[in-house]
Amino acid sequence: MATKAEVLDFIRVYADKMAEHRQELTDFDQAIGDGDHGINMSRGFKAVMEKLPTFEEKNIDDILKAVGMTLVSTVGGASGPLYGTAFMKAGAAVKGKVELSDQDVILAFEEAVGGIQFRGKAVQGEKTILDSMIPAINAIKTSITAGKSMTDALVDAEAAAWDGVEYTKTIIATKGRASYLGERSIGHQDPGATSMAYAFQAAKEVALKAGN
Amino acid sequence: MVGIVVVSHSQKIAEGAVELAKQMAAEARIAAAGGMEDGSIGTDVSKILAGIEAVDQGDGVVILVDLGSAVMSSEMAIEMREGGSQVKIIDTPIVEGTIFGSVEASIGSSFDEVVEVLASAKAYKKF
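Since we're looking at a predicted model, the values are computed, not measured.

**Some points on the layout of surface pockets**
Within this model, the largest pocket holds a volume of roughly 810 Å³. Around the largest pocket sit 35 residues that line it, and A:Ala78, A:Lys175, A:Gly176, A:Arg177 and B:Met72 are the ones nearest its centre. Per-element tally for the lining of the largest pocket: the top contributor is helix H3 (residues 69-80) of chain B, with four residues. Looking at the lining of the largest pocket, its residues break down into 12 nonpolar, 13 polar and 10 charged.

As structure tokens, then:
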């Protein structure tokens, strides 16, 4: 379960993480991309935090959509349309909900990952956001089906996300700027997969705090 | 007249391509949608959407892109648009395409004709 307060808390915690890991994400991106992922993500979420007071009184779906809209116009790089679409799709999936059940949370994540796949025309195994996101969502589904709490499911999800990040070190990038490097991209972790793993870390921390 | 929107990560590239094209087709409807609101490097869905609205006279709009997020941001701008004439992203060199497309559009060619000229710009031999 997730309340509106927890959704807002997730946005704030994730925004903090993007500011905190700005340099780290940029360094990962400098190795295999255009070196702006941390700068872009922190800029986007800084804008989200600035605009948050204008939409925090709205419903969960409108809040998520507003976050997405802000990201697509402020991030600047490919992560803008990708994360932006994810938040908008997640919002659309929980339309009219005042509180999210575990199934609503799963649906929101599934719609979000579907949106990223649609937008980026990518599949798992191409050294992208998807390589941490898909295993993390699968972990949530497996854990909830096994009767675990959402908090425990998010603990499992974060672990799966970081495993996914590790996996990106072993594969060649075939999407995005890193694909220009071919085999030279091996050995480096994907910045997008990394920033997505922090999203599951943020969700886990919020759930732990709320004690769901 | 078919409208043209130039989407680059760099505001200067987009504006430069428009400037070059205007030299050959002063009356063409071309919008530069490069960079972020503050002028930094990136692509901005709102800026692209505003560009489409600015050049749409009802005969269609073509979008020329540099790479990566320019494509995704343009796709999002098209999806978010309500009403208006047809809009298409064309895979073609951004500078040459802007010039060829502007000349073609300015002589009153149809949307399909402009799209065809832009597609052929990819195979254009410079020497």
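**Points about helix H5 (residues 111-120) of chain B**
All names here are of chain B. Of the residues making up H5, those classed as buried are Phe111, Val114, Val115 and Leu118. Angular distribution of buried residues about the axis of H5 spans 100°; they occupy a single face of the element. Residues of H5 that are exposed and point more than 90 degrees away from the buried face comprise Asp112 and Glu116. Elements in contact with the buried residues of H5: strand S3 (61-65), strand S4 (87-90) and helix H4 (94-106).

**Looking at the packing of helix H8 (residues 150-168) of chain A against helix H9 (residues 191-210) of chain A**
Residues and elements named next belong to chain A. Axis separation between H8 and H9 bottoms out at 9 Å; the angle between their running directions is 165°. The angle between the axes of H8 and H9 places the two elements in the roughly antiparallel class. Handedness of the crossing formed by H8 with H9: left-handed. The residues of H9 that touch H8, namely those facing Thr151, Leu154, Val155, Ala157, Glu158, Ala161, Trp162, Val165 and Thr168, are Ala193, Thr194, Ala197, Tyr198, Phe200, Gln201, Ala203, Lys204, Ala207 and Leu208. Its residues assigned to classes, the contact of H8 with H9 comprises 13 nonpolar, four polar and two charged.

**Quick look at the interface of chain A and chain B**
Taken residue by residue, the interface counts 19 residues in chain A and 17 residues in chain B. Buried area between chain A and chain B, summed over both chains or domains, comes out near 1,300 Å², and the portion from carbon and sulfur atoms is 54%. Of all residues in chain A, the largest losses of buried area upon contact with chain B belong to A:Ser73, A:Gly76 and A:Arg119, amounting jointly to 37% of the total for that side. In this structure, A:Arg119 and B:Glu79 form a salt bridge, with 2.8 Å as the shortest nitrogen-oxygen distance. Summed over the shared surface of chain A and chain B, the number is eight residue pairs in polar contact (both at pLDDT 80 or more). Every element with two or more residues in the side of chain A that touches chain B is listed here: helix H4 (60-74), helix H5 (79-93) and helix H6 (102-120) of chain A.

**What to know about the pairing of S4(B)**
Residue and element names in this part refer to chain B. One ladder, built from four bridges, connects S3 with S4; its direction is parallel. Looking across to S4, one finds that Ile63 is bridged to Ile89. Taken together, S3, H3 and S4 form a β-α-β motif whose crossover is right-handed.

**Thoughts on the sheet that holds strand S1 (residues 3-7) of chain B**
All names here are of chain B. Pairing is parallel in the open sheet, where four strands are placed in the order S2-S1-S3-S4. Only two strands of the sheet have a single partner each, and these edge strands are strand S2 (30-32) and S4. Across the sheet, the mean angle separating the axes of adjacent strands is 20° when strand polarity is ignored. Helix H1 (residues 11-24) contacts S1 and S2 of the sheet and is inclined by roughly 155° relative to S2. With respect to the sheet, helix H2 (residues 45-55) is in contact with S1, S2, S3 and S4, its orientation differing from that of S1 by roughly 160°.

**What to know about empty space enclosed by the protein**
Here the idea is plain: a probe the size of a water molecule rolls over the atoms and shows the empty space left. All names here are of chain A. Counted by the stated rule, this structure contains one cavity of 30 Å³ or more. In this structure, the largest cavity encloses a volume near 490 Å³. Residue lining of the largest cavity: 25 residues in total, with Phe10, Leu64, Val105, Phe109 and Ala203 positioned closest to the centre. Counting residues per element, the lining of the largest cavity draws most heavily on H9, at five residues. Residues of the lining of the largest cavity, tallied by class, amount to 23 nonpolar, one polar and one charged.

**As for the packing of aromatic side chains**
One pass over the full model with this rule turns up seven aromatic pairs over all chains. Where B:Phe100 meets B:Tyr124, the ring centres are 5.0 Å apart and the plane angle is 85°; that geometry is what we call edge-to-face. Linking B:Phe100 in helix H4 with B:Tyr124 in the segment after H5, this pair joins segments that are 24 residues apart in sequence. On the accessibility criterion, B:Phe100 (25% relative accessible area) is partly exposed. Taking relative accessible area as the criterion, B:Tyr124 reaches 46% and is therefore assigned partly exposed. Among the aromatic residues, those joined into a ring-pair cluster are A:Phe10, A:Tyr14, A:Phe45, A:Tyr83 and A:Phe87.

**Observations concerning unusual backbone geometry**
Residue and element names in this part refer to chain A. In this model, Lys121 sits at a positive phi of 50°, which is unusual for a non-glycine residue. Along the polypeptide, Lys121 turns up in the loop between H6 and helix H7 (130-145). Even without being glycine, Lys127 reaches a positive phi, approximately 65°. By relative accessible area, which is 2% here, Lys127 ends up buried.

**Side note on the packing of helix H2 (residues 22-32) of chain A against H9(A)**
Residues and elements named next belong to chain A. Axis separation between H2 and H9 bottoms out at 9 Å; the angle between their running directions is 160°. If you check the angle between H2 and H9, you find them roughly antiparallel. Note that H2 runs across H9; the crossing there is right-handed. For the pair formed by H2 and H9, the contact residues are Glu24, Leu25, Phe28, Asp29 and Ile32 on the first element and Pro191, Thr194, Ser195 and Tyr198 on the second. Its residues placed into classes, the contact of H2 with H9 shows five nonpolar, two polar and two charged.

What counts, and where the lines are drawn
- Residues numbered from 1 in each chain as written.
- Chains lettered and ligands numbered in written order.
- Predicted model: local features only at pLDDT ≥ 70, side-chain atom pairs only at ≥ 80, totals over all residues.
- Heavy atoms only, no water.
- 1 Å grid on protein atoms, 1.4 Å probe; cavity = no way out; pocket = protein on both sides within 12 Å on 5 of 7 lines; lining within 4 Å.
- Points joined across faces, edges and corners; volume = space filled by probe spheres on them.
- Helix = DSSP H or I, 4+ residues; strand = E, 2+ residues; numbered from the N terminus.
- Nonpolar A, V, L, I, M, F, W, Y, C, P; charged D, E, K, R; others polar.
- Buried < 20%, exposed > 50% of the residue type's maximum accessible area, 1.4 Å probe, protein only.
- Arc of directions from axis to C-beta.
- Contact = heavy atoms within 4.5 Å.
- Axes fitted to C-alpha atoms, helices over the stretch in contact; angles between N-to-C directions.
- Parallel < 35°, antiparallel > 145°, perpendicular 65-115°, else oblique.
- Left-handed = near helix turned anticlockwise from the far one by under 90°.
- Buried area = accessible area lost by both parts, 1.4 Å probe.
- Salt bridge = Lys/Arg side-chain N within 4 Å of Asp/Glu carboxyl O.
- Polar contact = N/O pair within 3.5 Å; in protein donor to acceptor, adjacent residues only side chain to side chain.
- Pairing = 2+ DSSP bridges.
- Right-handed = clockwise from strand over helix to strand, strands pointing away.
- Phe/Tyr/Trp six-rings, centres within 6.5 Å; stacked < 30°, edge-to-face > 60°.

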